[in-house]
Every structure is written in C-alpha cells, then in structure tokens.
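As a plain string of letters, each chain reads:
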Amino acid sequence: MATTRIDNATVWTGHRLPSGEIATTDAVLMKDDRIVALGRTAREADADEVVDASGEFVLAAFGDGHVHPMFGGLEQQFAPVRDMSSPQEIVASVGAWARAHPEAEWVRGEGFDHTLAPEGIFLAEWLDAEVPDRPVVLRATDYHTVWVNSEALRRVGYGVGVDQPHDGEIVIGEGGVPTGTLREWGAWRPVYNLLPPVPAQTQLDALSYASRSFATAGITWIQDAWVEPDMVGAWLAARAAGALDQQVDLALWADPNSWRDQLTGFEESRARIIAEGHGQVTGHTVKFFADGVIESGTSAMLEPFCDCPHSKGLPNWDPEEMKLAVAAIDALGFTAHMHAIGDFGVRMSLDAAEHTAKVNPPRDRRWVIVHTQLVDPADLDRFAELGVIANFEPYWSKFDSWQSELTEPRLGPERTHRQFQTATLADRGAVISFGSDWPVTTYAPLEGVQVAVTRQMTPEGPSWMPEERVSVDAALAAYTSGVAFQAGRSDAGYVRPGAVADLVWLAQDPRAVDPMTIGAIPVRGTWYRGRRTFGG
Ligand SMILES: [Zn+2]
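Residue positions within a chain follow its written sequence, with the count starting from 1. It should be noted that, the model being predicted, local features are given only for residues of pLDDT at least 70 and side-chain atom pairs only at 80 or more, the latter also being counted only at that level, while totals for whole chains, interfaces and linings use all residues.

So, about the overall build of the protein chain. Tallying secondary structure elements over the protein chain gives 16 helices and 23 strands in all. For the radius of gyration, the atom set is restricted to C-alpha positions; the globular benchmark scales as 2.2 Å times the number of residues to the power 0.38. The globule rule puts the C-alpha radius of gyration for 536 residues at 24 Å, and the 23 Å found for the protein chain is close to it. Dimensions along the principal axes, computed over C-alpha positions, put the protein chain at roughly 80 × 55 × 55 Å. Partly exposed residues are those whose C-beta has more than 12 but fewer than 20 other C-beta atoms within 10 Å; 20 or more makes a residue buried and 12 or fewer makes it exposed, with C-beta atoms placed from the backbone. Residue burial in the protein chain is summarised as follows: out of 536 residues, 54% are buried. Here a strand is any run of E in DSSP of at least two residues, a helix any run of H or I of at least four, and the numbering for each starts at the N terminus.

Laid out in structure tokens, this is it:
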C-alpha cells in the first residue's frame, strides 16, 4: 500500500455546484491507484509521500478523445517535412534525408502543410529533382492528402488514362498525366500497400515516444482513433514492455469496401486485447470515416462547394451502407467513432446512429461524432436526442491559414462562419469531449483550452465566432469528464474518493490568468493510477 498526499493545492474537482461553480478543495490523498480522500480528511491522514503544491492547481488528468499516437510517433522516424514554409523547403529536406539514408528503399514523410501549393496540388516533378530513383511518399498534416514522386507513381501503376477510384481522386494534370497529388484512401491506399512493413522495434519506439509526450502534457487516457490490424500487436507489445503511461482504447478502422469481412477480425482483435491488454489497452471502438476534409474538397456537403459548384464532396460511405455497418458493430458491442467534417457527413453519421438505435436493443452507447466541423441547423438537436457525443479538436476553432486559404474559398462566408459550434451544441444538451488529432495539431490540452475559450490567433484578436467560446470550466470539463464519459469510465474525469488516481498539477490556475496565456501554463506533474509519470 503506497499513499501519496497532495497538499496546499487548489483542487478543481470537476463537480458542478448548484451555484454553477466547480467545487474545489485543498488536498487529495491517493492510495495505490485510487483517490481515497479529499480536503481535511486527506490533510489529516498519514502518507508515505507528501507533495506540497505551493497553492497551485490540481485536477483530474486530461484525456484525449481523438489522437493518432502511432502516426505521431512514427513521424519522428521519417524525413522531416512538418512545419516547413514552402514546397521547396520540403523537397530540400526530403533530398537531404534520402542522401543520409541510402538504405531506405522508400522515402517517407508525414505532416507536410498542404496549404503551401496552389489549390493544394503538389507536383511529382518537384520531388523528382531531388529523388529521381527511389519512390517518395509524403502525407499531409490533414492525413487525407498524399504527395508522391514519379517513381512512386510508376510503381503503383498510375499513368495517363488511369482509372479514378470511386473513393478518392488521383489528381490529373496537363496531358492527362497524374500530378503527384492523391486524395483520400481510394487514391493513396494502393501506394501505402506497397510500403515495406514497419519493424516491431520501430513501432515500439514510436508508441513509447508518444506515451512519454502525452505524460508531459498531463494526459492519462487516449483514444487511438485509427487502428489498422497490425497495430493491435504493437500496442499490446508496448504495454507488455511497460512503455505506456496512459490507458488507451483502440478504434479499429472499418473499411467501407470490406467491413462485412472485417467483423470477425474485429471480434478476434477484441478478444486478444482483453486477454493481453490487462485493462490498460482496451478495444471497445470501431472507427468510421463518413467523409474526408473540406480543404481537399472531400468532405461530404449538403450544398455544393463555392469554388467547385458541381461538387458536394466525397462521402467515404454510401449512407445506407454506413447505417448497416454501424448497426452491425453495435450489435457486437462496439462503439462507433465517426469522423464527420461536412454537414452531410455529420447527417450521415447521425442517421446511422438513429437507424442503429431503432433496429438494435437499447443499451448504454457512447458513440461519438468527431471533428463536428459543420452541422446543419436541422441537425443540432439530434446530438442530444440520440445521445451522440460531439468531439471537437478545440485547437482548430480559430481563423488560421487552413480557414482563410483552403476552407473559406470552398465554403463561402455563411458556412465558414458556422463551424465548430461548441457552445451551441453544449447549450442544446450534447455531451462535449475534446481531443487533439495529434500529429495533425498539438497534443497539449492546455493549448486547446486556450483556443476553446478565446477562438483567437493573437492577443489583439479578433475572436472568431465569439458566441461559440466556452468557459475555462467547460473546456477543462470537456478534456476530463467529457472524455471520461466518451470512454465509458465512471471512475475517472472527476477528483473524488473512489476515482482512479489520475491527476495533473498545473503551475497556475487557468481561470485566473490571461486566457491567451493558458497554453503556456507549465505542467508540474502527472499521476497515472497513483504513479508519478511526469515531474518530480
Ligand atoms: Zn484523426
């Protein structure tokens, strides 16, 4: 029995008082992996270890309701392409990496900025200038756009007259030649199928890197939002190696083209996760991509795009097929985690939930629509009615270059200024959870809190859709109790006796600082199941 007491703190419990304020106390006592006492009872108890919080802020540790730890971790192993300011800079970095790694049969990179080329079209010939002889495959930070060189096009067999897939776009240029830009799975999955498998040790290194990173930000629960079959073993190996400082739930990716054949595999994966995951790795969830992203013109829209009036985007699923698939995984006891960006993508996902609730027996479902970027006014109340959780990546709700360069030209002003309606959905009774979508954007929850409460890029402003800002209390709740609800964890998300001893200690009270500095508040410590995983 090991006991730890945190004294002299402002402990934000997460419990809302009748006054509307969140209850606070001044001390927490942890015994093994549980919180056992608060306030005076905690203060007066003996403890093996006492931590003086110096009057600072303690709350339930954060959860990340939508994140890609393997992709973020693996990115470190590939050619650096993130945070570069021009295609030329990316090409130079890829060339340098290729020369330094002559042994690499494929040159890979993850996370380039797809706003850097006109209309998001990146040319194979730019990469050919640096790497003409080996295939290069780079994925953009939106995870929906891929840029390849001519050798990669040659190997996958994309030339003049190539057939377009029904669920993607091979962008064609002059003379009918593929440009090198591939949009959505249907277009780039055949390229990724050619890649050599990532060695087990590299996968373990990637997950260890991700887990350590999350611990520094106060995170103790994560939803891996896109798990391919070969990643299940990697997660279980990471747990067995003691490399995980979080609990993780795996969302197994449903392929619109073969989901019926996947069902047995989902059940087998879950059985293996239950046997080997020891509760730290769970497999409750199946991931659906209802659509793509607005920036690539692949989100599914109720009305056409402004710059492309013949197109309403590209649903990844036939809506009727998605209903059947969600009902099928629900009947097996899985939870649906539904990526939806466009207003038709959101509607398809709500329709799938509604259909499932009709045809399957009632049960406690924690289904989620993730990103929730554009919701038709007619659908706003359906989240609460159907019990569908609205997950947002709050860091996105600011008017940045993704919005000004790639989104507004497609959506036009009215739809542009109706995105990420966090406050509206909360007011209408939807449960709100937050996530990062790392490595798309930062995993640090405090940076997300800052944007959720300001919707500003700079201290001077302006605030984008200020009516959709939420309070600091609401933002912290979305990262704690909101994600815990999504996860189906009744013993997490609040600081209370009996809850898991998952806590984070912040150097400042986020409610008491300039909101534009919340993202910079240092994390002093993280406890996962009573064990200090960061700080100290
Ligand atoms: Zn994602």
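So, on to helix H13 (residues 401-416). A helix is expected to span 1.5 Å multiplied by its residue count minus one. Here H13 spans only 13 Å end to end across 16 residues, well under the 22 Å set by a 1.5 Å rise per residue. Values of bend correspond, residue by residue, to the angle between axes fitted over the seven residues ending at that residue and the seven starting there. Roughly 95° is the biggest bend found in H13, and it falls at Glu408, with proline Pro409 one to four residues downstream. Here H13 has its buried residues at Trp402, Gln403, Leu406, Thr407, Arg410, Leu411, Arg415 and Thr416.

Below, the discussion takes up the nonpolar core. If you look at the biggest cluster of nonpolar residues, it comprises 167 residues, and the most contacted ones within it are Val28, Val58, Val94, Val148, Trp235 and Phe288. The element best represented in this core is helix H16 (residues 472-487), accounting for ten residues. Residues are treated as contacting if the C-beta atoms built from their backbones sit within 7 Å of each other. Every residue in contact with Val148, bar those within four places of it in the chain, is listed here: Ala124, Val136, Val137, Leu153, Gly180, Leu182 and Val191. Linking buried Ala, Val, Leu, Ile, Met, Phe, Trp, Tyr and Cys residues through C-beta atoms within 7 Å yields a set, and such a set is a nonpolar core.

Inspection of the secondary structure assignment puts Leu38 in strand S5 (residues 34-38). Setting aside chain neighbours within four positions, we find Leu38 in contact with Val11, Thr25, Ala27, Val28, Val495 and Pro497.

What marks off one domain from the next here is an automatic or database domain assignment. For the protein chain, the assigned domains read domain 1 (106-192) and domain 2 (199-490). Taking only C-alpha atoms into account, the centre of domain 1 sits 26 Å from that of domain 2. If you look at the interface, domain 1 gives twelve residues, while domain 2 gives 14 residues.

What follows deals with the pairing of strand S22 (residues 523-528). Burial runs high along S22: six of the six residues are buried. We treat two strands as partners when DSSP finds at least two bridges between them. Two strands pair when backbone bridges link them, and strand S21 (residues 503-506) and S22 are joined in this way by four bridges, in the antiparallel orientation. Counterpart to Leu506 in the pairing with S22 is Val523. Where S22 and strand S23 (residues 531-534) come together, three bridges link them in antiparallel fashion. What sits directly across from Trp527, in S23, is Arg532. Here S22 folds back onto S23, and the loop between the two strands holds two residues, one of which, Arg529, carries a positive phi near 55°.

Buried within helix H8 (residues 229-240) are the following residues: Met231, Val232, Ala234, Trp235, Leu236, Ala238 and Arg239. Tucked inside the fold, the buried residues of H8 contact helix H2 (69-75), helix H7 (200-216), strand S14 (219-227), strand S15 (247-253), helix H9 (259-277) and strand S16 (281-289). Looking one or two residues beyond H8, the residue adopting positive phi is Gly242, at roughly 70°.

With that settled, the discussion passes to the sheet that holds strand S8 (residues 62-67). Read across the sheet, eight strands follow the order S8-S14-S15-S16-S17-S18-S19-S20 without closing on themselves; strand pairing throughout is parallel. Sheet topology places S8 and strand S20 (432-434) at the edges, where each strand pairs with a single neighbour. For this sheet, the mean angle separating the axes of adjacent strands, direction not counted, is 25°. Contacts from helix H11 (residues 343-359) reach strand S17 (335-340) and strand S18 (368-371) within the one sheet, and its direction differs from that of S17 by about 165°. The axes used here are C-alpha line fits, helices contributing only the stretch in contact, and every angle between their N-to-C directions lies in the interval 0 to 180 degrees. Lying over the sheet, H16 contacts S8, S14, S15, S18, strand S19 (389-392) and S20, oriented at roughly 105° with respect to S20.

In this section: the sheet that holds strand S4 (residues 28-31). Each strand in a sheet pairs with another by means of backbone hydrogen bonds, the pair being arranged parallel or else antiparallel. Taken together, four strands build an open sheet; the order of strands is S5-S4-S1-S6 and the sheet is mixed. The open sheet has two edge strands, S5 and strand S6 (49-52), and neither has a second partner. Here the strands of the sheet are splayed against their neighbours by 20° on average, with no regard to which way each runs.

Moving on: the packing of helix H10 (residues 319-331) against H11. At their nearest, the axes of H10 and H11 sit 8 Å apart, and the two run at 50° to each other. As far as their axial angle goes, H11 and H10 are oblique. Crossing angle aside, the handedness with which H10 passes H11 is right-handed. Residues Pro319, Met322, Lys323, Val326, Ala327 and Asp330 of H10 form the contact with H11, whose own contacting residues are Met348, Asp351, Ala352, Ala353, His355, Thr356 and Val359. An angle below 35 degrees is treated as roughly parallel, one above 145 as roughly antiparallel, one from 65 to 115 as roughly perpendicular, and anything else as oblique. Two helices that cross are described as forming a left-handed crossing if the nearer one is turned anticlockwise from the farther one by less than a right angle, and a right-handed crossing if clockwise.

The next point concerns the packing of H8 against H9. Running from N to C, H8 and H9 point in directions that differ by 5°, and their axes come no closer than 10 Å. By the angle class used here, H8 and H9 are roughly parallel. Across from Pro229, Val232, Leu236 and Arg239 in H8, the residues of H9 making contact are Gly265, Ser269, Arg272, Ile273, Glu276 and Gly277. Its residues assigned to classes, the contact of H8 with H9 shows four nonpolar, three polar and three charged. Under the scheme applied here, ten amino acids are nonpolar (Ala, Val, Leu, Ile, Met, Phe, Trp, Tyr, Cys and Pro), four are charged (Asp, Glu, Lys and Arg), and all others, including Gly, are polar.

Mapped onto the fold, Tyr528 is located in strand S22. Each C-alpha atom, one on Tyr528 and one on Val81, is 33 Å from the other, the two residues being 447 residues apart in sequence. If we skip the residues at most four places from it in the chain, Tyr528 touches Ala61, Thr220, Asp245, Gln246, Asp502 and Thr533.

Okay, unusual backbone geometry next. The linkage connecting Trp438 with the following residue, Pro439, adopts the cis geometry, with an omega of 10°. With respect to the element layout, Pro439 can be found in the loop between S20 and helix H15 (445-454). Each neighbour pair has its own omega, and for Gly461 with Pro462 the value is 5°, a cis peptide bond. One can find Pro462 in the loop between H15 and H16. A positive phi angle, near 50°, is found at His278, a position not held by glycine.

Let's shift gears to the environment of His339. In this fold, His339 is placed in strand S17. C-beta crowding within 10 Å serves as the criterion here: with 27 such atoms nearby, His339 is assigned to the buried category. For His339 and His371, which are 32 residues apart along the polypeptide, the C-alpha to C-alpha distance reads 6.5 Å. Here His339 is in contact with Phe288, Phe289, Ala290, Val370 and His371, once residues within four sequence places are set aside.

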